[in-house]
Amino acid sequence: MFPTTETVKCEYILELENFVDASLDRIRSHPFIAAGFDRRLSQQQIVRWLMCAGRESRSFPHVIENMMERTDSPKIVHILEQNLQDENGHGKLEHAHFTHYLDLLKEIGLSNSNFEEYNEKAGIQLTLSLAFNISTQKSQGISLGYMLVNEGMTSITYASMRSAFSVYFPAIQTPFF
Ligand SMILES: [Fe+2]
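Notes on the structure follow. (Residues numbered from 1 in each chain as written. Predicted model: local features only at pLDDT ≥ 70, side-chain atom pairs only at ≥ 80, totals over all residues.)

### Focus: the nonpolar core
- Leu41, Ile46, Leu50, Met51, Ala53, Met161, Ala164 and Phe165 together form the largest nonpolar core, which totals eight residues.
- Those elements that place two or more of their residues in this core are helix H3 (43-70) and helix H8 (140-168).
- No other element matches the four residues that H3 contributes to this core.
- Apart from residues no more than four positions distant in its own chain, Ile46 is found in contact with Leu41, Met161, Ala164, Phe165 and Tyr168.
- Of all hydrophobic cores here, the second largest spans seven residues; its members include Phe60, Leu80, Ala131 and Met147. (Core = buried A, V, L, I, M, F, W, Y, C linked by C-beta atoms within 7 Å. Buried ≥ 20, exposed ≤ 12 C-beta atoms within 10 Å, placed from the backbone. Helix = DSSP H or I, 4+ residues; strand = E, 2+ residues; numbered from the N terminus. Contact = placed C-beta atoms within 7 Å.)

Right under this line is the structure:
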């Protein structure tokens with residue numbers, strides 16, 4: 001007997017979920033992320049992470065816009081649109097994620113110019129150009145697969161950093177993480 005379309009779909013989705021879960025497990029056990037959870041990062045390391053996270057936060061809305069321009073499924077466009085609205089604070093600049101980021105910098109005594117002057121090194125440069133390239137290439141499967149992992153990993157990396165920050169900035173109030 002041939003599998004029905006529904007069965008194929010389910011198997012495909014299960015396989016996709018397994019790939020995403022495996023990626024997230026790798027991220028969770030990455031030495032840097034594990035050290036964040038265990039509060040073993042130095043202040044210098046977390047500030048450097050913060051500078052890179054800001055570059056990523058600033059560019060992420062453009063990644064979503066690129067994907068929206070290249071997606072032909074109205075359902076997916078709608079989901080991406082919701083994500084973009086969320087990034088942009090639903091029309092309120094003070095709730096935009098990048099504004100939360102700049103507020104966090106201020107909270108720990110860093111300025112916008114500290115952020116602007118940060119000298120990007122290879123890791124963050126690769127991350128940003130990978131995101132840009134993936135969001136502008138033709139295969140929607142690849143770009144959406146990237147997005148699944150990217151969205152899934154944020155809650156892991158931010159939880160790790162919240163834990164790492166609590167050592168040096170215990171009174172931190174930010175909604176960024
Ligand atoms: Fe965000």
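So that's the structure; there's more coming.
### Regarding helix H4 (residues 74-87)
- For H4, spanning 14 residues, the distance from its first C-alpha to its last is 20 Å, which sits close to the expected 20 Å at 1.5 Å a residue.
- At the exit of H4 stands Gly89, carrying a positive phi of roughly 70°. (Expected span 1.5 Å × (residues − 1).)

### Observations concerning the packing of H3 against helix H7 (residues 122-136)
- Where H3 contacts H7, the axes come no closer than 9 Å and their chain directions differ by 10°. Taken as axis vectors, H3 and H7 run roughly parallel relative to one another. Side by side, H3 and H7 meet where Cys52, Arg55, Glu56, Ser59, Val63, Asn66 and Met67 of the first sit next to Gly123, Ile124, Thr127, Leu128, Ala131, Phe132, Ser135 and Thr136 of the second.
- Here the residues of the contact of H3 with H7 sort into seven nonpolar, six polar and two charged. (Axes fitted to C-alpha atoms, helices over the stretch in contact; angles between N-to-C directions. Parallel < 35°, antiparallel > 145°, perpendicular 65-115°, else oblique. Nonpolar A, V, L, I, M, F, W, Y, C, P; charged D, E, K, R; others polar.)

### Quick look at the packing of H3 against helix H5 (residues 97-107)
- The N-to-C vectors of H3 and H5 enclose an angle of 155°; their axes lie 9 Å apart at closest approach. One way to sum up the angle between H3 and H5 is to call them roughly antiparallel. As for how H3 packs across H5, the hand of that crossing is left-handed. Taking contact as the criterion, the partners of Gly54, Ser57 and Arg58 in H3 are, on H5, His97, Phe98 and Tyr101.
- Split into classes, the residues belonging to the contact of H3 with H5 amount to two nonpolar, three polar and one charged. (Left-handed = near helix turned anticlockwise from the far one by under 90°.)

Shape is all these values report; function is a separate question.
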